[in-house]
There are 2 protein chains.
Amino acid sequence: MHFKNRKINFSKMATKPSIPKGTRDFSPSEVLKRQYIISKIKAQFERFGFQPIETPSFENSDTLMGKYGEEGDRLIFKILDSGDYLSKIDAATLPTMNAKQLTPKISEKALRYDLTVPFARYVVQHQNDIEFPFKRYQIQPVWRADRPQKGRFREFFQCDADVVGSNSLWQEVELIQLYDQVFADLGLHGVTIKMNNRKILSGIAEVIGASEKLIDFTVALDKLDKIGEEGVKKEMLEKGIEPKSLDKVQPLFAFSGNFNEKVAQLSSLLQESEIGMKGIDELTFIGNQIAALGLSAATLELDVTLARGLNYYTGAIFEVAAPKTVSMGSIGGGGRYDDLTGIFGLKNVGGVGISFGLDRIYLVLDELQLFPETVTSSVVALFVNYGETEALYAMKAIKALRAKGIKVDLYPDKVKVGKQFMYADKRQIPYVVIVGESEMTHNQYALKNLITGDQVLVDLETLIQYLEKAS
Amino acid sequence: MHFKNRKINFSKMATKPSIPKGTRDFSPSEVLKRQYIISKIKAQFERFGFQPIETPSFENSDTLMGKYGEEGDRLIFKILDSGDYLSKIDAATLPTMNAKQLTPKISEKALRYDLTVPFARYVVQHQNDIEFPFKRYQIQPVWRADRPQKGRFREFFQCDADVVGSNSLWQEVELIQLYDQVFADLGLHGVTIKMNNRKILSGIAEVIGASEKLIDFTVALDKLDKIGEEGVKKEMLEKGIEPKSLDKVQPLFAFSGNFNEKVAQLSSLLQESEIGMKGIDELTFIGNQIAALGLSAATLELDVTLARGLNYYTGAIFEVAAPKTVSMGSIGGGGRYDDLTGIFGLKNVGGVGISFGLDRIYLVLDELQLFPETVTSSVVALFVNYGETEALYAMKAIKALRAKGIKVDLYPDKVKVGKQFMYADKRQIPYVVIVGESEMTHNQYALKNLITGDQVLVDLETLIQYLEKAS
């Protein structure tokens, strides 16, 4: 209310307050936990040389529409033009229109649907100010008019890091390490970084003579976990894949060993496919470097059933699975793409990128109780208010404490002490500082630990030391 | 692109990319500078015991409409309902409708216009989970369909801190200190915190017998700086304020001295007004505490011409002026209000709050060159890429450096060294690390300072020490 000439009419009638479905209010402890995750991700993004950009919440509709397929077009939130938007439309034709026809005439802006199309637009628009390879990260909300359900929201944050303008596979190596470091920092061990390569999938389809059935084939293969080998084969046959093709693919079901061992087995299957062997080369390079560099919290796993983003990924495909002890979908994903900016007229800008699923990481950390207790501790000590003179004496100490970075507060009103203690208790403030006439006379402070009940009488310097340690 | 099942159609025709007017892309250095300001504000908010909340970007239209006056209703961005929104409307009546009538039928959500109404809605909705007094801060973007102009955007951030549920004047004292500490932290000295009180303005109007002309009176008085004493008096007479009233108000034009001295002068003018003297009591209390506690970067000034937010402020009124050496409007503002949540049916929740003007603070710090150089430094050293073996050797060092929190990067491709140096130069990376065969043999790294041209040959431990110091 306090800025930019706000005029609020507080006298309006009461309305029962609620928020739109699929959106969320975040309470202080929720914001602090989210900020904790974001700060860890951001710190690693920056260590790895990624630089932040931010783009507007809404883009021109032209920029977004037609980029995410028909479903995307439907799920993009459109913003109504301001002013008399109907004046541009012939009143006679209006009743003949359906919503799909009318929308482009009354809405020229839309809320962003992801961070990638805005990033592509950014790269093209600012191409002359950018040094390639350009490593950018972006942590901002996106909006989708999807049906809300458990874990799916209409407003959620994406945390993306992408490198564009280089084909070097060292970047896949770096992104795997980046995932590993973030999860190590969050104390989340036992994460699996699943990796595949679009060229491997193309190679398999080629080898079995079913190149035109790549999607059917991968969709079936993707169900291996759920329906088993026989189920997958049955589905493939139903989709028209030849029995003799299935024989060739048999080794896929018997994969075992670590990343490099699996790559070796896959390699013998793909000998006859040029594109497949290109994929093997890429996986081998990445596997070797990761083996030499090591991982701390995660395991790298080759997963030939991984087939996300086949519409745009051209090389590496990543997906991150939470530790097996929690039941949760993927907590991250990414891949390499040949042409990010072609849609906006700039050719040959390929790249690779990954994303962190903030909401799901939150749920995983919460379930495994991996949030440090200090994350949500707001104020370490509350000063009791005994009236003007005592409060001013307290405020001087409070000022000195805050100058040391310690979070402390004065109860604002002179009310019954019991009420003030109860407030400290309910806000989970661990210490109360009592300053009455006697303490003032002796230049002291009574510091009470609300958990143990212990109370000590200390001078300002000792008070600072105590609370600094307790923060 | 990497998450939540995104399907991007990269084959669409080229479009010339741009963003909606009044919105902005932020480049890496701009984001880093904005993050710097936000981190300083946030750190002080938390030291002062404020807790963060976040609310959705869009609210139900009911929540926002009618709260900011007619102009606000017009400037609120409305979101088009998804699906076939026209099916709810009788086709026959459609051509008779104007935009104002149609909008509520096809749009049930709107982007937030400020952070205060959503906060009021939050307090009412979550009243049973909140301990009062509730100290919250909120740093999020807001949107207004205002005509864009220099320094006025359609998307901008607000940084608000409010305490609700207590009438204690200690909070005004705290908020003044909070302003002072944030500006001290930003190195921005010479800031003026202007303060007035709604009760003082009511008192003046009462004393001169022009209570019903309060707005005309304050609007004229507000122009004192620009049109001088005679101009103000002329305007007041034109607005129908009696000449004898003007005589009574004469002392206002001769105010001088520090905060407490001005309060004393004002006090003699307001002797006969009960509400005016209540304002004097409040100013006296606040002035005394601030005098006892001291300020570091700012000066507190009584400004009886300050009349922002008269529609809702009931006590203190704040406005913060940048140092006089820069020409800039207010960089912050706030005040005390009696009834925040009445619009949503919860009575008697008054409070006081302040806001920081992020965009303007940015411009002021930029003009005065107060951003520390380190804020925008992304990567401290670039490792040159001589090929696979050398790059892996480099990556091991890079991993060790990043583990120490040092931002370093490997040039991703094996290209001419000159090109790699040029890249480091353009990205303003101060150091380059060269690892060739000879360095590898001796377990060493050649570290070149691109600014001085100096080069040293060091082992890993020394390299870490060097770059840690340079970060």
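Residues numbered from 1 in each chain as written. Chains lettered and ligands numbered in written order. Predicted model: local features only at pLDDT ≥ 70, side-chain atom pairs only at ≥ 80, totals over all residues. Heavy atoms only, no water.

*Asks:* Any details on the pattern of salt bridges? Residues and values, ideally.
*Replies:* It is possible for side chains bearing opposite charge to pair when their charged atoms get close. What the rule picks out here adds up to 42 salt bridges over all chains. A salt bridge links B:Asp359 to B:Arg34; the shortest N-O distance between them is 3.1 Å. Linking B:Asp359 in helix α13 (residues 358-367) with B:Arg34 in helix α1 (residues 28-47), this pair joins segments that are 325 residues apart in sequence. For the pair B:Asp359 and B:Arg34, one class covers both residues: buried. Note that B:Lys278 is salt-bridged to B:Glu282, the shortest N-O span being 3.5 Å. One end of the pair is B:Lys278 and the other is B:Glu282, both in helix α12 (residues 274-293) and four residues apart, which spans about a single turn. A cluster of three or more residues bridged by salt bridges with shared partners is formed by A:Lys135, A:Glu174, B:Arg402, B:Asp409 and B:Arg427. (Salt bridge = Lys/Arg side-chain N within 4 Å of Asp/Glu carboxyl O. Helix = DSSP H or I, 4+ residues; strand = E, 2+ residues; numbered from the N terminus. Buried < 20%, exposed > 50% of the residue type's maximum accessible area, 1.4 Å probe, protein only.)

*Asks:* Let's hear about the sheet that holds strand β12 (residues 381-383) of chain A: which residues, and what values?
*Replies:* Sheet strands line up and pair through hydrogen bonds in the backbone, either parallel or antiparallel. Residues and elements named next belong to chain A. Pairing in this open sheet of five strands is mixed, and the strands run β13-β12-β14-β15-β16 from one edge to the other. Edge positions in the sheet fall to β13 (408-410) and β16 (455-458), since each has one partner strand and no second. Taking each pair of neighbouring strands and ignoring which way they run, the sheet shows an average axis angle of 25°. Docked against the sheet, helix α14 (residues 388-403) engages β12, β13 and β15 (445-449), running at close to 165° with respect to β13. (Pairing = 2+ DSSP bridges. Axes fitted to C-alpha atoms, helices over the stretch in contact; angles between N-to-C directions. Contact = heavy atoms within 4.5 Å.)

*Asks:* Quick one: what's the story with the UniProt feature "binding site: L-histidine" (unreviewed entry) in chain A, residue by residue and with numbers?
*Replies:* Residues and elements named next belong to chain A. In this structure's numbering, the residues bearing the UniProt feature "binding site: L-histidine" (unreviewed entry) are Asp114, Leu115, Thr116, Arg144, Gln158, Asp162, Arg308, Tyr312 and Tyr313. Relative to the elements of secondary structure, Arg308 occurs in the loop between β8 (298-302) and β9 (313-321). Judged by relative accessible area, Arg308 falls into the buried class, the value being 16%. Within the element layout of this structure, Tyr312 appears in the loop between β8 and β9. (UniProt positions renumbered as here; feature names shortened; annotations may be inferred.)

*Asks:* Could you give an account of the side chain of B:Arg144, with specific residues and numbers?
*Replies:* Relative to the helices and strands, B:Arg144 resides in the loop between β5 (134-143) and β6 (155-164). The buried charged residue B:Arg144 lacks any salt bridge, with B:Asp114 as its nearest oppositely charged partner at 5.0 Å. (Lys, Arg positive; Asp, Glu negative; His and termini not counted.)

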